[in-house]
Amino acid sequence: MPREAAGPAGTSHLDASHCSRVDNTDEPDDRTLVARARLDPDAFALLYRRYLHRIHAFTVRRCGDRHLADDITALVFERAWKNIHRVEVGPAGLGPWLYRIAANEVSTHFRRNGRKERALERLAGAPVSLAADPADTVNLRLDLESLRAALDRIPARHHEVIALRYLAGLSPQETAEAMGTTPQVVAALLYRALGSLERVIGPEADSHER
Amino acid sequence: MNRDDLERLLTELGRSPVEPPDEITATRIERNWRRSTSVPSARRRSRSVAAGGAAVLLAAAASVSVVVVSRSTERVQPVVAAARDITVELPDGESLSAQGGEALPEGAIVLGGPGASGVIGGVFVGPRSEYVVRDGRLERSGSSSGPDTSAVSPDSTINQPGPQPTTPSTTPTTPARSTPNGPPATNSTGRPRPTPQRRLTVNAALQSGATTISWAAPTGSSVVRYVVVRTKKWNGRTLPAGRRIAVIRAGRPLVAVDPKPVRGTFYVIAAYGPRNRLLALGSVAAPA
């Protein structure tokens, strides 16, 4: 289970601010902009610029392909714009809602495009390099490939909670807000989701080792 | 791979730095969502109900949810659930055809045309009715004749589908809007009504096989240019598609010449202000 203090939400490397926290205090908050965006596309444009990098980074991490991430990010904001009149902005701002759309779009994409697409994704490779040693990088890359492939195979709700909690870096509270549930349910769901992922990724990891 | 490895890997993946999208990509994505329309479900409802007689019943049902949507906004605004032949005059002077899903701001005026049928903010808008948005609700204006009146009326031409070939000299107006160049009329609340599209007084004369069209500039408007179009049909609200006869910049003589006039046609003159804003319209039948 991710720890509160050291968990993904608490990490400093993530795009500086999360959700409703706005760096520039002169800028209107998410709630105000959402209310304005219902009548004014320019207000939504401000939200778009505020969240573009975060959502794009999330889709890149999840897909492992920048071009695909570009397309999915476009779908996310199109869907958000079409449904802006429906959203109820919580204390965490618009971020959780956008991340949830992104997680669902990614999930839908991979489920729709199936195995062939995933194979192509693997050829494209992971865009991240986390390890200093080249050998470690290769291993990590294989691990990330396995991880992404496994994420496509677990139940949608399990994928959603893992994506929101780890890849989007939301706190348990924010994840709960995005999923319309409580942090306790998120914790239980995350435990089961990691179990699902472990079961799926086990054979894949073994096959890589062989 | 055990659970700890899995968590570590997930955490590392979540921490991995990602370059932000370049400006070209950001612009492309923005263009993409801007192209799509907001509140699509309401628009779909609008389109589907605008076709037939059962439209209004369906629209009324749809309006229930639309009103709920409007209540979720911080400031309540009536939302167009369905609209056919309904014009909205915004407080800033802009006039537009009502579209499903649009929220109307305070002070907007809703004008039902001869064939009007629609539901806005839970209120049925019928033919030749007039409403004003007050306190987030549609209030009946005194000058409207009621939603259930006959669809045939000699007075209003603002929303009629075509021009009137026998009209010698222009100005399709409703009584409520009949202020071609004069001061704005007042509505039932006594406040000055916005008259976003003033009516130009236009004349046409046949001379040596050519038609000379002349008109008067609207007072108090910052007209940038006039566009003269010859057309066979006109809805009375917008510049129609047709043969463009002339574009006259403000300050030049307000005269245009059609060297090849066509019998039974109309000349429509549109006055545009800064940022291509339509300020006034006028029309005249081509002289026989």
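Scroll up to find the structure.
For clarity, every value in this text was computed on a predicted model and none was experimentally measured.

### Things to note about the overall build of chain B
1) Next: Secondary structure summary: chain B contains 4 helices and 14 strands in total.
2) Next: The buried share among the 288 residues of chain B stands at 50%.

### Re the packing of aromatic side chains
1) Next: By the definition in use, this model includes 7 aromatic pairs over all chains.
2) Next: On the basis of an interplanar angle of 80 degrees and a centroid distance of 4.6 Å, the ring pair of A:Phe44 and B:Trp33 is categorised as edge-to-face. Remark: B:Trp33 occurs in helix 2 (residues 23-35) and A:Phe44 occurs in helix 2 (residues 41-63); the pair is interchain, linking two chains. Assigned by exposure class, A:Phe44 and B:Trp33 land together as buried.
3) Next: With centroids separated by 5.6 Å and ring planes inclined at 75 degrees, the aromatic side chains of A:Phe58 and A:Tyr99 adopt a geometry described as edge-to-face. Taken together, the positions of A:Phe58 in helix 2 and A:Tyr99 in helix 4 (residues 95-124) put the pair 41 residues apart, joining distant regions of the chain. In this structure, A:Phe58 and A:Tyr99 share a single accessibility class: buried.
4) Next: An aromatic cluster is defined as three or more aromatic residues linked by ring pairs; in this entry it consists of A:Phe44, A:Tyr48, A:Phe77, A:Trp81 and B:Trp33.

### Describing helix 3 (residues 66-82) of chain A
All names here are of chain A.
1) Next: In a regular helix each residue adds 1.5 Å, so 17 residues correspond to 24 Å; helix 3 covers 24 Å between its end C-alpha atoms and thus fits that length.
2) Next: Listed in full, the buried residues belonging to helix 3 are Leu68, Ala69, Asp70, Ile72, Thr73, Ala74, Val76, Phe77, Glu78, Ala80 and Trp81.
3) Next: With a side-chain oxygen positioned 2.8 Å from the backbone nitrogen of His67, the residue opening helix 3 is Asp65.

### Overview of the pairing of strand 14 (residues 278-285) of chain B
Within a regular beta strand, the side chains point alternately toward one face of the sheet and then the other, so they alternate between its two faces.
Residues and elements named next belong to chain B.
1) Next: Of all 8 residues in strand 14, 8 are buried, a share of seventy percent or more.
2) Next: Pairing analysis gives 2 bridges linking strand 7 (residues 198-199) to strand 14, with the strands arranged parallel. Considered in strand 14, the bridge of Arg199 is made with Leu281.
3) Next: Bridge analysis of strand 13 (residues 266-272) against strand 14 gives 7 bridges, and the strand direction is antiparallel. The partner of Ile269 across the bridge, within strand 14, is Gly282.
4) Next: If you look at the hairpin formed by strand 13 and strand 14, you'll find 5 residues sitting between the two strands, and Arg275 has a positive phi there, around 55 degrees.

### Observations regarding the packing of helix 3 of chain A against helix 2 of chain B
1) Next: The interhelical angle for the contact between helix 3 of chain A and helix 2 of chain B, taken along N-to-C directions, is 35 degrees, at an axis separation of 8 Å. Crossing angle aside, the handedness with which helix 3 of chain A passes helix 2 of chain B is right-handed. Contacts from A:Asp70, A:Asp71, A:Thr73, A:Ala74, A:Phe77, A:Glu78 and A:Trp81 of helix 3 of chain A reach helix 2 of chain B at B:Thr25, B:Arg28, B:Ile29, B:Asn32 and B:Trp33.
2) Next: Classifying every residue of the contact of helix 3 of chain A with helix 2 of chain B gives 5 nonpolar, 3 polar and 4 charged.

### Some remarks on the sheet that holds strand 7 of chain B
All names here are of chain B.
1) Next: Taken together, the 5 strands give an open sheet; going across it, the order is 7-14-13-10-11, and neighbouring strands pair in mixed fashion. Every interior strand has two partners, whereas the edge strands, strand 7 and strand 11 (243-249), have only one.
2) Next: In this sheet, strand 11 lies alongside strand 10 (residues 225-231) in antiparallel orientation, the contact comprising 6 bridges. Bridge pairing in strand 11 links Val228 to Ala246.

### Considering the pattern of salt bridges
Residues and elements named next belong to chain A.
1) Next: Counted under the stated rule, the structure contains 13 salt bridges over all chains.
2) Next: In this structure, the salt-bridge partner of Asp152 is Arg62, at a minimum N-O distance of 2.4 Å. Taken together, the positions of Asp152 in the loop between helix 5 (134-151) and helix 6 (156-167) and Arg62 in helix 2 put the pair 90 residues apart, joining distant regions of the chain. When sorted by exposure, Asp152 lands in the same class as Arg62, which is buried.
3) Next: Two residues, Arg100 and Glu160, come together in a salt bridge whose shortest N-O distance is 2.4 Å.

Cut-offs used in this document
Residues numbered from 1 in each chain as written. Chains lettered and ligands numbered in written order. Predicted model: local features only at pLDDT ≥ 70, side-chain atom pairs only at ≥ 80, totals over all residues. Heavy atoms only, no water. Helix = DSSP H or I, 4+ residues; strand = E, 2+ residues; numbered from the N terminus. Buried < 20%, exposed > 50% of the residue type's maximum accessible area, 1.4 Å probe, protein only. Phe/Tyr/Trp six-rings, centres within 6.5 Å; stacked < 30°, edge-to-face > 60°. Expected span 1.5 Å × (residues − 1). Polar contact = N/O pair within 3.5 Å; in protein donor to acceptor, adjacent residues only side chain to side chain. Pairing = 2+ DSSP bridges. Axes fitted to C-alpha atoms, helices over the stretch in contact; angles between N-to-C directions. Left-handed = near helix turned anticlockwise from the far one by under 90°. Contact = heavy atoms within 4.5 Å. Nonpolar A, V, L, I, M, F, W, Y, C, P; charged D, E, K, R; others polar. Salt bridge = Lys/Arg side-chain N within 4 Å of Asp/Glu carboxyl O.

Limitation: the analysis is restricted to geometry and does not speak to function.
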